[in-house]
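Understanding the architecture of this molecule
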Amino acid sequence: MNLNKEERNGYVISEDMKKIWNIQLLCVKKVLDVCQKHNLHIWAEGGTLLGTIRHKGYIPWDDDIDLLMMREDYNKLLEIASKEFEEPFFFQSAYSDKCYPRGHAQVRYNGTAAILPCDINCKFNQSIFIDIFVCDRLPANRFELASKLFKSEFLRRLLFEKTYSRFNLNNPKSLLKKILIFFIFCVIPFKKTFKKFDSVFNDIEEESDNVACVSFSMASVFQPLKKKWFSKTLYMPFEDIMMPIPVGYDEMLTTLYGDYMTPVKAPSLHGSVIFDTERPYTEVLKDIKSGKIDIKKYLNE
């Protein structure tokens, strides 16, 4: 990838952002190689799919990569990840990184930093990453769907409370919450709880024609994806690689964005991220906590 500053669609892309993109593309190439080796299907999703079609690469103001897999292939990737992803790559999930609560995987590039302000007090790996989301089959019966959504959302909130809740001296309720969460996870350990959350949609009586990234967001069921969109994989240029995309990309992008070929600048889903392509996240976190890096700057963006 050309790492020089350039202008795209009237938007200036700095050398620093190009370095971030380059590291993310290294992660993408690694994932695609592993998936090809094991005959696993994976596709560009969200802004990455939009960028592939409209820009033949990144959306100029984007700072992340989103990939998508169906549950069956995603679970297979989880099983082989520890053997296939070696330094500097780290395949991150709740099964490989302590107290990582998110319902999707991330492939990290060690020796770098991509820190979300909300994660500053977390202990899991916070290197530059790409996202791998997972699509679950949805039941045709509305009552079954509602029941599974309730269970999934309850477990998600429990996992996030364990990871993100902090004790506040000015709020006695926060102490009670911490104590309750402590005892819950003493009975059912974090990984076991996550496994229950991760498998809510495994057992369905009758499938609908829809799938959704329920483990990422319950709201995804209100804008579900069609199975038929993923019946075949196409390949299109994305920067200096060939990106796999679903054959139904036009319907998918129209559903998500409407007139998707008309550029509209939008903020990243991640919000402000503290990037560093030269130093590991552990060093950057030390600078944040010591005050050398002003976190308020990122919170106000």
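Scoring rules and cut-offs
Residues numbered from 1 in each chain as written. Predicted model: local features only at pLDDT ≥ 70, side-chain atom pairs only at ≥ 80, totals over all residues. Heavy atoms only, no water. Core = buried A, V, L, I, M, F, W, Y, C linked by side-chain atoms within 4.5 Å. Buried < 20%, exposed > 50% of the residue type's maximum accessible area, 1.4 Å probe, protein only. Contact = heavy atoms within 4.5 Å. Helix = DSSP H or I, 4+ residues; strand = E, 2+ residues; numbered from the N terminus. Pairing = 2+ DSSP bridges. Expected span 1.5 Å × (residues − 1). Polar contact = N/O pair within 3.5 Å; in protein donor to acceptor, adjacent residues only side chain to side chain. Phe/Tyr/Trp six-rings, centres within 6.5 Å; stacked < 30°, edge-to-face > 60°.

**Observations regarding the nonpolar core**
- By size, the foremost hydrophobic cluster in this structure holds 58 residues, and its most contacted members are V31, L77, F85, F91, V107 and I132.
- In contact with V107, not counting residues within four places along its chain, are C27, V31, F85, F89, F90, F91, I128, F129, I130 and I132.
- Core analysis: the second largest hydrophobic core is formed by 18 residues, L145, L155, F190 and F201 among them.

**Quick notes on the pairing of strand β4 (residues 66-70)**
- Among the five residues of β4, four are classified as buried, and the element is accordingly described as predominantly covered.
- Where strand β3 (residues 43-44) lies against β4, two bridges are found, and the strand directions are antiparallel. Paired with W43 across the two strands is L68, which belongs to β4.
- When β4 meets strand β8 (residues 128-139), the two strands line up parallel, connected through five bridges. Counted as the bridge partner of L68 is F133 from β8.

**Here we look at helix α4 (residues 142-164)**
- The end-to-end C-alpha distance of α4, which contains 23 residues, comes to 32 Å, matching closely the 33 Å that a straight helix rising 1.5 Å per residue would cover.
- Within α4, burial applies to E144, L145, K148, L149, S152, E153, L155, R156, L158, L159 and T163.
- Its side-chain oxygen placed 2.8 Å from the backbone nitrogen of F143, N141 serves as the N-cap of α4.

**With respect to the pairing of β8**
- Burial analysis of β8 places eleven of its twelve residues in the buried class, the great majority of the element.
- Sheet topology note: the strand β6 (residues 105-109)/β8 ladder contains five bridges and is antiparallel. Counterpart to Q106 in the pairing with β8 is D131.
- Judged from the three bridges that link them, β8 and strand β9 (residues 207-212) form a sheet pairing that is antiparallel. Across the sheet, the residue bridging to R137 is V211, located in β9.

**Observations regarding the packing of aromatic side chains**
- A full pass over the atoms with the stated rule returns twelve aromatic pairs.
- Look at Y11 and W61: their rings are 5.9 Å apart centre to centre, the planes differ by 75°, and that puts the pair in the edge-to-face class. A residue pair is termed long-range when its members are at least 10 positions apart, and Y11 in strand β2 (residues 11-13) and W61 in the loop between α2 (46-55) and β4 qualify at 50 residues.
- Consider the rings of F85 and F91, whose centres lie 5.2 Å apart with planes at 40°: the pair is tilted.

**Here we look at unusual backbone geometry**
- In this model, E87 is joined to P88 through a cis peptide bond whose omega is 5°.
- Tracing the backbone through its elements, the reader meets P88 in the loop between α3 (71-84) and β5 (89-92).
- With a phi close to 55°, N39 is a non-glycine residue in the positive phi region.
- With respect to the secondary-structure elements, N39 resides in the loop between α1 (15-37) and β3.
- Non-glycine residue E239 carries a positive phi angle of around 50°.
- In this structure, E239 sits in the loop between β11 (233-238) and β12 (241-246).

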